[in-house]
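Analysis of the macromolecular model
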Amino acid sequence: MTAPVARIVTTRMPSAPEPIRLFYVNNVFRYSQSYLKREREFCQAGVELVGCNTPEADGEILALLISSLKQVGLQEVRIDLGHASLLKDLLNAAGLDKQQKVSVQGLLACRDSVGLKKFMEQNSFPSNLREAFLQLSRCRRLGEVSSISLSGSKYDKLNKQLESLLELQETLADYEIDDLVFFDFSLTKKIEYYTGMVFEASVPNLGLPLGGGGRYDNFIEKFGKLRLPATGFALEIGKLLQALTAQGFEIPESSKTKVIVASKFRDTAVEAVKLLREDGVIASLEITKRSLEKTMEYGKLTETDYVVSVGSSLKSPVTVFDVKSKVSRDVMLETFLEEVGG
Amino acid sequence: MNKKIRIAIPNKGRLKKPAIEALGRAGIEILEEERAYVSKTSDPRFEAIFARANDIPVYVHYGAVDLGVTGHDLILERGANVLELLDLEFGKCTLVVAVPEDSAINSVGEVPALARVATGFPNITRKFFEKTGKQVEVLEVSGTAELAPKLGLAQIIVDITSTGETLKKNKLRIIGTILESTSRLACNKIAYRTFEKQISELLARMRGGSEKE
């Protein structure tokens, strides 16, 4: 949903005070030719933080992501985070052509350290970059990145990116989530689109990521004249439900009571249905002329809790039939409402 | 988490035996191979699952198993997004385009428009011909694609071959190669994160084992 949000920011909110914090919960449509991924429509919930590129902005997004996942009840949440520009610039610094870049990304993505070493030897990688690549692919904590730096002024930008990861680490420590965020140099998806951190959220019980995001500082300008840095994440609601189920969470059934109101007196029946609904009961009117017995049968098949038979006036008691036990009792409607109302 | 690491192994066919041997060399002996779908191993951290090689990429993609031994060709065919951690180098085969020996077609470029292609690899086949700009009708058959030209079902087949014997026996001629494949140790992306230590250890042992040969 980032593209539609970027469009809205550009066209509808050109003078909104920055930073802009937006969220959405929406159905997303994708055309996927993959044989496996048949997810062409799915529900996504996400946030975008537009107009700011500080470590605090990135930290806020990651903290919000983790608290969102915890809030829905997930355990053992973790985030794996890479840096798109760091990888892009390292590949450029190594002087690789397009095909070679694809090869290196593939080797990184497959965690093939043996293949990576071999490739770097065959393609005469500068030794300082070779070391940096291998070290980065071994790092699992943002803090470990501090041991890496490249000497020479042409690597200033790369060193700055490495430093930015450390600053991010410090921000995450303030939020007390630094132990949940892991460094993963091999996260190479959409490297052309992201400009800074790029991340995925997961739990061990589900084999697919729950969602992810990153920083995209050059994207919004594609929709108009606004040059705004931005960062955000999106979660797939379906995956969250799968993960919750895998962790043994049972989605509670609706606790609302279901009632059918039957009566020869339509005006009283309509009135009773209205009162029941106002109190949060799922109430429906018996609109056929069938016998009470048939209504009870229907109630059983439709998992209704009670059939309520009302007379000519709600001032006199109504008869409440418990569909399961078939026990009936006469009671004032108000009393019944107090029992079952939300 | 005290979950066992699940590793899927082909339950039959040419990949089964070398897969079991490769794991054995890395110190994971299968303990109850006969008729069991789930088997204990000599390493209490790992559990073996026997499944069709065809389905293993899907199991790994969704994380139903953490690791799996299956063909590179099958991973591509199923479109599974998995880590191919190790080339196990056995089960070598080539996916080829073939026609009857007496066919007038001599190269992929000469394949006529709307030709019928019979294959057990419909996804790779479709992609391959799309790339060449050829519009073909892909007929999915499960196994024995080489029979299709004989029966007049299709003029062209896409199938795997390791020695070329079966093609020869059925009087078929190769006109193009789509890909070379070997078996791989595939890993679910999330499982790699969860079990990185154990999986790296296993990888080192498997690499050591194959180098000694």
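Now for a description of the structure that goes with this document. (Residues numbered from 1 in each chain as written. Chains lettered and ligands numbered in written order. Predicted model: local features only at pLDDT ≥ 70, side-chain atom pairs only at ≥ 80, totals over all residues.)

1. Focus on the overall build of chain A
The helix and strand tally for chain A stands at 11 helices and 12 strands. The globule rule puts the C-alpha radius of gyration for 342 residues at 20 Å, and the 29 Å found for chain A is more than 25% above it. When the 342 residues of chain A are sorted by exposure, 36% land in the buried category. Within chain A, contacts between residues separated by at least 24 positions form 64% of all contacts whose residues are at least 6 apart in sequence. (Helix = DSSP H or I, 4+ residues; strand = E, 2+ residues; numbered from the N terminus. Rg over C-alpha atoms; globule rule 2.2 N^0.38 Å. Buried ≥ 20, exposed ≤ 12 C-beta atoms within 10 Å, placed from the backbone. Contact = placed C-beta atoms within 7 Å.)

2. Structural notes on the pairing of strand β3 (residues 46-51) of chain B
Residue and element names in this part refer to chain B. In terms of strand pairing, strand β1 (residues 5-10) meets β3 through six bridges, oriented parallel. Bridge pairing links isoleucine 9 to phenylalanine 50 in β3. Bridge analysis of strand β2 (residues 38-40) against β3 gives three bridges, and the strand direction is antiparallel. Looking across to β3, one finds that serine 39 is bridged to alanine 48. The antiparallel hairpin formed by β2 and β3 contains five residues in its connecting segment. (Pairing = 2+ DSSP bridges.)

3. Focus on the packing of helix α3 (residues 84-93) of chain A against helix α7 (residues 156-174) of chain A
Residues and elements named next belong to chain A. Running from N to C, α3 and α7 point in directions that differ by 155°, and their axes come no closer than 10 Å. With respect to α7, the axis of α3 lies roughly antiparallel. Here α3 and α7 pass one another in a crossing that is left-handed. Contact with α3, carried on its side by Ser85, Leu86, Asp89, Leu90 and Ala93, involves Lys157, Leu158, Gln161 and Leu162 of α7 and no other residues of that element. When the residues that make up the contact of α3 with α7 are grouped by side-chain class, the tally is five nonpolar, two polar and two charged. (Axes fitted to C-alpha atoms, helices over the stretch in contact; angles between N-to-C directions. Parallel < 35°, antiparallel > 145°, perpendicular 65-115°, else oblique. Left-handed = near helix turned anticlockwise from the far one by under 90°. Nonpolar A, V, L, I, M, F, W, Y, C, P; charged D, E, K, R; others polar.)

4. Some thoughts on the interface of chain A and chain B
Contacts between the two partners involve 14 residues from chain A, matched on the other side by 20 residues from chain B. Looking at side-chain class alone, the side of chain A that touches chain B contains eight nonpolar, three polar and three charged residues.

5. Describing the sheet that holds β3 of chain B
Residues and elements named next belong to chain B. Read from one edge to the other, the open sheet built from six strands follows the order β2-β3-β1-β4-β11-β5, with strand pairing classed as mixed. Looking at strand neighbours, the two that pair on one side only are β2 and β5 (83-87), the edges of this open sheet. Each strand of the sheet is rotated relative to its neighbour by a mean of 30°, with strand direction disregarded. Pairing of strand β4 (residues 67-71) with strand β11 (residues 183-187), which is carried by five bridges, proceeds in the antiparallel orientation. Note on β11: the bridge partner recorded for glycine 71 is serine 183.

6. Focus on the sheet that holds strand β8 (residues 258-262) of chain A
Residue and element names in this part refer to chain A. If you walk across this open sheet you meet the five strands as β9-β8-β10-β11-β12, and the pairing is mixed. Since the sheet does not close on itself, it has two edges, and those belong to β9 (282-285) and β12 (328-331), each with one partner. Here the strands of the sheet are splayed against their neighbours by 25° on average, with no regard to which way each runs. Relative to strand β10 (residues 306-309), β8 runs parallel, the two sharing four bridges. The residue bridging valine 259 from the neighbouring strand is tyrosine 306, located in β10.

7. Digging into unusual backbone geometry
Glycine aside, a negative phi is what most residues show, and trans is what most peptide bonds show. All names here are of chain A. With an omega of 0°, the peptide bond running from glutamate 18 to proline 19 counts as cis. Along the polypeptide, proline 19 turns up in the loop between α1 (2-12) and β1 (20-29). Of note, the phi angle at glutamate 76 is positive, near 55°, even though the residue is not glycine. With respect to the helices, strands and loops of the structure, glutamate 76 is situated in the loop between α2 (55-71) and β3 (78-83). For glutamate 76, a count of 14 C-beta atoms within 10 Å puts it in the partly exposed group. In the Ramachandran plot, glutamate 303 falls in the positive-phi region, its phi being about 55° despite a non-glycine side chain. With respect to the helices, strands and loops of the structure, glutamate 303 is situated in the loop between α10 (292-301) and β10. The exposed category is assigned to glutamate 303, around which 10 C-beta atoms lie within 10 Å.

8. A look at the nonpolar core
Of all hydrophobic cores here, the largest spans 100 residues; its most connected members are Ile7, Val60, Leu185 and Cys187 of chain B. With six residues, the single largest contributor to this core is α2 of chain A. Among the nonpolar cores identified, the runner-up in size contains 23 residues, and Val99, Phe121, Phe128 and Ile157 of chain B belong to it. (Core = buried A, V, L, I, M, F, W, Y, C linked by C-beta atoms within 7 Å.)

9. A short note on the pairing of strand β6 (residues 93-100) of chain B
All names here are of chain B. Direction of pairing for β6 relative to strand β10 (residues 172-181): antiparallel, over a ladder of eight bridges. Its bridge partner lying in β10, alanine 98 is registered against isoleucine 174. Here five bridges tie β6 to strand β9 (residues 156-161), and the two strands are oriented antiparallel to one another. For valine 97, the partnering residue across the bridge sits in β9 and is valine 158.

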